[in-house]
Amino acid sequence: MPAPQAVPAALPQERRLVTAIPGPKSRELMARKSAAVADGVGTVMPVFAARAGGGVIEDVDGNSLIDFGSGIAVTSVGSSAEAVVRRAAAQLADFTHTCFMVTPYEGYVAVCEELARLTPGGHAKKSALFNSGAEAVENAVKIARVATGRQAVVVFDHGYHGRTNLTMALTAKNMPYKQGFGPFAPEVYRMPLAYPYRWPTGPERCAEEAAAQVTDLIDKQVGAGNVAAIVIEPVLGEGGFIVPAPGFLPRIAAYARAHGIVFVADEIQSGFCRTGRWFACEHEGVVPDLVTTAKGIAGGLPLAAVTGRAELMDAAHTGGLGGTYGGNPVACAAALGAIETMRELDLNARARRIEEVVRDRLGALREACPAIGDLRGRGAMMAVELVRPGTKEPDPRAAAALAASCHAQGLVVLTCGTYGNVLRFLPPLVIGEDLLREGLDILGGALARQ
Ligand code: PLZ
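Below: a short report on this structure. (Residues numbered from 1 in each chain as written. Predicted model: local features only at pLDDT ≥ 70, side-chain atom pairs only at ≥ 80, totals over all residues. Heavy atoms only, no water.)

### Some words on the overall build of the chain
The following threshold applies: A helix here means a DSSP run of H or I that spans at least four residues, while a strand means a run of E at least two residues long, and both kinds are numbered starting from the N terminus. Based on C-alpha atoms, the radius of gyration is set beside the globule rule, defined as 2.2 Å times the residue count to the power 0.38. Contacts are assigned to residue pairs with any non-hydrogen atoms lying within 4.5 Å of each other. Here the open area of atoms and residues is found with the Shrake-Rupley method and a 1.4 Å probe, where only the protein chains shown may cover a residue.
Across its full length, the chain carries 13 helices and 15 strands. For the chain, whose C-alpha radius of gyration is 21 Å, the value lies close to the compact-globule estimate of 22 Å for 450 residues. Based on the C-alpha atoms only, the size of the chain along its principal axes is roughly 60 × 60 × 45 Å. Contacts spanning at least 24 positions in sequence make up 73% of the contacts within the chain whose residues lie at least 6 apart. Only carbon and sulfur atoms are counted for the fraction: they give 54% of the accessible area of the chain, which is about 18,000 Å².

Structure below.
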């Protein structure tokens, strides 16, 4: 079998601007969007996609944009990656759906076998498949509750876990995720996060002090014996690409273990090679009881999973977990193609190389640009936090202006962060180094003009 291709041959890997951004066809489609699509569904750029692959997105006007977003960390193997298309197309021709809960199929089982192999820890593992990240997180909480007989769920400042009712409650940020959508699910307790850049006493003691605060708050306010699960992103995504101070995750995991609490790593954004390891927990040797995955798992098709200790996963009664489409056969075929691509092309190594290039370029810029308060991240999950020069005061307007300038020059970048002042870089892991450097040059130019 030929090795999976990184990049579709038919899609030139170049930035090419042939109209203003957005072009006339995108403007026309935006007008139709405004008339037909609910205003609550926003878009980062008013540009409509026609084709995408490798490190580029081609729009309906023939512009080719450099992609530093991967559709929010989804197309790690590239959009329409060869092995994803090949396997999904074959599955489409065979059958599109039977419902795994009615007449099962091999692809679902094969994805669960891969998840058992790839997620951290050598213990016996099982999985259940779902459609979205939020659904996976909800199910992790269901499993932790039924396994422990406890109700409370502990989450963290700056955490993001989804937009459904329970996951809105788990998510930290009010606007835009929660405002007006309550009441929220009960028994959710939010704890301080070891955020090195903003820790009051500085980064050195951050892990230890934050972990002490968390365990003290749980003990005093919740009672460890009432906690079913601690849910945390090993590298925080929407909340600002925050890498918790080293030592924080292992301390929290140890506390969970000591008190019979299920430690859930939400690896929906950080998983599947994004940070240069299969899962971000591995950077600190943390073995979670349950892992939630989605996004990068299936090369762009909707698929999500909860994977974990077999005895926990088996705690729910038969029929207690499921959903009509969970583990759709086409999505499972795509996942097997995506995982094949990650292995064959060693995308963990590519993510680590992307980190090197980004740190090299933006690290040099940092000296000259006092608006960059922090440069952080792991692998191909990197970000700059923008502040008013000489202070740590968040500057969301600078982030928005920089993003707009990049967009106008054909570079897709996203913002994030509790204060909206973080620019994040999530290129497909298969992006060519020339395109990566060109994108960083655009960004560098925009930062220098700040
Ligand atoms: N957990 C860690 O990053 C999704 C959200 C985009 P779904 N992040 C992108 C938006 O504005 O809706 C995410 C995540 C982490 C859970 C989720 C939720 O995954 O597939 O969007 O439901």
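### A word on the site of the ligand
Basically, it comes down to this: We call a residue near a molecule or strand as soon as one heavy atom of that residue lies within 4 Å of the molecule or strand. Polar contact criterion, stated in full: a pair of N or O atoms within 3.5 Å, where within protein one must be able to donate a hydrogen and the other to accept it, and residues adjacent in sequence count only if both atoms are side-chain atoms. Gly counts as polar in this scheme, as do all residues outside two lists: the nonpolar Ala, Val, Leu, Ile, Met, Phe, Trp, Tyr, Cys and Pro, and the charged Asp, Glu, Lys and Arg.
Around the ligand sit 15 residues in total, of which G133, A134, R163, D266 and Q269 are the nearest. Contact distances for the ligand include 2.8 Å between an oxygen atom and a backbone N or O atom of G133. Classifying every residue of the shell around the ligand gives five nonpolar, five polar and five charged.

### Some points on the layout of surface pockets
Formally: Buriedness of a pocket was judged along seven lines, with at least five required to meet protein on both sides within 12 Å; pockets are open sets of points on a 1 Å grid over the protein atoms alone, cavities are sets where a 1.4 Å probe fits but cannot get out, and lining residues have an atom within 4 Å of a point. Grid points are joined across faces, edges and corners, and a volume is the space filled by probe spheres set on the points.
Reported here for the second largest pocket is a volume of approximately 490 Å³. If you trace the second largest pocket, you find 19 residues lining it, with F100, Y108, S127, A128 and L321 closest to the centre. In terms of residue count, strand β4 (residues 125–130) provides more of the lining of the second largest pocket than any other element does, five residues in total. In terms of residue class, the lining of the second largest pocket is made up of nine nonpolar, eight polar and two charged.

### Quick notes on the sheet that holds strand β13 (residues 411–412)
For clarity, the cut-off: In this description, strands pair whenever DSSP reports at least two bridges between them.
Strand order across the open sheet formed by four strands is β1-β2-β3-β13, with mixed pairing between neighbours. Two strands close off the open sheet at either side, each with one partner strand: β1 (49–53) and β13. Pairing of strand β3 (residues 64–67) with β13, which is carried by two bridges, proceeds in the parallel orientation. Looking across to β13, one finds that D67 is bridged to V412.

Take it as geometry only, folks, not as evidence of what the structure does.
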